[in-house]
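Each chain, letter by letter, is given below.
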Amino acid sequence: MRRRSAMARINNNYDKLSTGYLFPEVARRTKAFSESNPGVDIYKLGIGNTTLPLTPSVIEGLRKGVDKLADIKTYTGYGDEQGDSRLRKMIAGLYLRKYNVKIEENEIFVSDGAKPDSANIQSIFGSDGKIAVQDPAYPVYVDSNVIAGRTGPAEGSTYKGIVYMPCNEQNGFFPSVPREKVDLVYICSPNNPTGAVATKEQLSDFVDYARNNRAVIIFDAAYWSYISDPDLPRSIYEVEGARECAIEINSFSKSSGFTGVRLGWSVVPKTLVAEDASPGKINSLWNRRQTTMFNGASNIAQEGGIAALSDKGLEENQAIIDYYMENARIIRECLIEKGFKVFGGKNAPYLWVKTKDGMKSWDFFDKMLREAHVVVTPGSGFGPSGEGYFRVSAFGVRDNVVKAVQSIRDNLK
Ligand code: MLT
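Residue positions are counted from 1 within each chain, in the order its sequence is given. In keeping with the predicted nature of the model, local features appear solely for residues at pLDDT of at least 70, side-chain atom pairs appear and are counted solely at 80 or more, and the whole-chain, interface and lining totals rest on all residues. To get the side-chain values, all heavy atoms of the structure are used, and hydrogens and water are removed first.

A. Highlighting the overall build of the chain. Across its full length, the chain holds 12 helices and 15 strands. Over its C-alpha trace the chain gives a radius of gyration of 22 Å, about what one expects of a compact globule, namely 22 Å for 413 residues. On the principal axes, the C-alpha backbone points of the chain span a range of 55 × 55 × 55 Å. Between buried and exposed lies partly exposed: a residue is buried under 20% and exposed over 50% of the maximum accessible area for its type, with that area taken using a 1.4 Å probe on protein chains only. Residues classed as buried in the chain amount to 53% of the 413 residues present. Contacts are residue-level and defined by heavy atoms, with any inter-residue pair within 4.5 Å sufficient. Long-range contacts, defined as pairs at least 24 residues apart, comprise 74% of the intrachain contacts of the chain with a sequence gap of at least 6. Carbon and sulfur atoms make up 50% of the accessible area of the chain, which totals about 18700 Å². Segments assigned H or I by DSSP are reported as helices when at least four residues long, segments assigned E as strands when at least two residues long, and all are numbered from the N terminus. We take the radius of gyration over the C-alpha atoms and set the globule estimate at 2.2 Å times the residue count to the 0.38 power. Using a 1.4 Å probe, accessible areas were evaluated by the Shrake-Rupley method; residue-level cover was limited to the displayed protein chains.

B. Summary view of the site of the ligand. Nearness is judged by heavy atoms alone; a residue qualifies as near a molecule or strand once a single heavy atom is within 4 Å of it. Taken together, Phe 23, Ile 47, Gly 48, Lys 115, Tyr 138, Asn 192, Tyr 223, Lys 254, Tyr 350 and Arg 391 make up the full set of residues near the ligand. Contacts described as polar in this section are N or O atom pairs within 3.5 Å, which, within protein, must combine one atom able to donate a hydrogen with one able to accept it, while residues neighboring in sequence count only if both atoms come from side chains. Within the backbone of Gly 48, one N or O atom sits 2.6 Å away from an oxygen atom of the ligand. If the ligand stood free it would expose 260 Å²; the protein chains cover 85% of that surface. Under the scheme applied, nonpolar residues are Ala, Val, Leu, Ile, Met, Phe, Trp, Tyr, Cys and Pro; charged residues are Asp, Glu, Lys and Arg; polar residues are all the others, including Gly. Here the residues of the shell around the ligand sort into 5 nonpolar, 2 polar and 3 charged.

C. Inspection of the environment of Asp 183 at higher detail. Within the element layout of this structure, Asp 183 appears in the loop between β6 (163-166) and β7 (184-188). Overall, the relative accessible area of 30% leaves Asp 183 in the partly exposed class. Along the sequence, Asp 183 and Arg 211 sit 28 residues apart, while their C-alpha atoms lie 11 Å from each other. Look past the residues within four positions of Asp 183 in its chain and what remains in contact with it is Gly 129, Lys 130, Ala 215 and Val 216. One polar contact links the side chain of Asp 183 to the main-chain amide nitrogen of Lys 130, over a distance of 2.7 Å.

D. Expanded view of the side chain of Thr 151. Tracing the backbone shows Thr 151 in the loop between α5 (139-147) and β4 (154-155). Residue classification places Thr 151 among the buried residues on the basis of a relative accessible area of 7%. Ignoring anything within four residues of it in the chain, the contact list for Thr 151 reads Lys 16, Asn 145, Val 146, Tyr 159, Lys 160 and Ile 162.

E. Up close: the pattern of salt bridges. Any carboxyl oxygen of Asp or Glu within 4 Å of a side-chain nitrogen of Lys or Arg constitutes a salt bridge here. Tallied over the full model, the rule gives 21 salt bridges. Of the charged contacts in the structure, one is a salt bridge between Arg 28 and Glu 25, with a shortest N-O distance of 3.0 Å. On the criterion of helical spacing, the pair formed by Arg 28 and Glu 25 is a turn pair, its members being 3 residues apart in helix α1 (residues 22-36). Owing to a relative accessible area of 22%, Glu 25 belongs among the partly exposed residues under this scheme. Three or more residues are tied together by salt bridges with common partners; here these are Glu 25, Arg 28, Arg 29 and Asp 366.

F. Region of interest: the packing of aromatic side chains. Under the pairing criterion, centres of Phe, Tyr and Trp rings, with the six-membered ring standing for Trp, must be within 6.5 Å; the plane angle then separates stacked pairs below 30 degrees from edge-to-face pairs above 60, leaving the rest tilted. Using the criterion set out here, one finds 23 aromatic pairs in the structure. An angle of 80° between the planes, with centres 5.7 Å apart, marks the rings of Phe 340 and Phe 364 as edge-to-face. In this pair, Phe 340 is assigned in the loop between α10 (311-337) and β11 (341-344) and Phe 364 in helix α11 (residues 361-372), connecting sequence segments 24 residues apart. Considering the side-chain rings of Tyr 350 and Phe 395, the 6.0 Å spacing of their centres and the 80° angle between planes classify their relative orientation as edge-to-face. Taken together, the residues Tyr 350 in strand β12 (residues 350-354) and Phe 395 in the loop between β15 (389-393) and α12 (398-411) connect sequence positions 45 residues apart. A connected cluster of aromatic rings, assembled from ring pairs, spans Phe 23, Phe 173, Phe 343, Trp 352, Phe 382 and Tyr 389. Over the face of the ring belonging to Phe 340 we find Lys 356, whose NZ or CZ atom lies 4.4 Å from the ring centre. In this scheme, the term charge over a ring applies when either NZ of a lysine or CZ of an arginine sits within 6 Å of the ring centre and within 35 degrees of the ring normal. In this structure, Arg 391 packs its charged tip against the face of Tyr 350, placed 3.9 Å from the ring centre.

Printed below as a string of structure tokens:
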């Protein structure tokens, strides 16, 4: 018999989420300030959102994609859920050419960005698995696992059941491997939010840990094109043994300005194994997940991606990366001059800055907005170890960055 209580029920794991998603909260406070201070110019160095226009090669690629859709001879509807094979080949070629990493075309899954992939990837793993995250971390890793029921309730600024790997000044913002056994380990390098980049040795330790514990590393490489130091690894597959224990997620957002276009990819090696998965199994699970729940990235966006990975496209995008990194230099100089301790921002587009006198992150956020009219991102929004820090994004237009910096110099007390 149908009970009254058999009504549709919500996924009440959502109720465990302790706060709203970080960036909407930053936007809400900014809007409130703006409304009560009409006419005041606000300089946004908060969310890592690209600002420069797409390059000529990319625009040409996108136009080609549109033109193809306008002609019955070249029109395409649904494509392969895994992505256009020309693009998958180019991505494999990029790994080989730039980093000497061999990846098969059918290990690459093109997507609509790194954010959905980093949120969805957990769904192919056991729901009772234990996860470890860098602390601070991009909030999607934690929140997606909370929603999936892989954690207990919130306890202050952490969730029961998650292993937090503190990243702080003492360890150069890269953690040691967990002391206990976990199943999934999230690593982001170059790191969002700290801007720290893991060395090959540091990644090797995690690869050894994962292989010894039959854990899987979810490696977020979305900011890889910001690494200029030739000794630092761009891909986890530069480390011996990583193909057996790591999935790599990547994006066109920050390397080619596709934040609004939406395009990314994940590498799920056929050699990857887990406790109950022999080689090939996890690759086929992700294929099953994507073919069931995703209809492939936009064909127009993929034409843009093909253009972005051409020699000319890569060269043009490098100029944009250099521009953002010059922003990072300008911001760093100002903050150091103002007496702040600044980290990151050298091989990453984010600066990670310590507040003064132990001021709390959100208090500093409010102070910066009130006094200098500059929006930053409070470090505590990325995890408990982010408390007492703030993140500054270098993705602005130069004029805006220069004005922001001037305002900090003149007005921040
Ligand atoms: C950020 O500001 O952390 C990023 O823009 C978020 C994202 O890439 O989704």
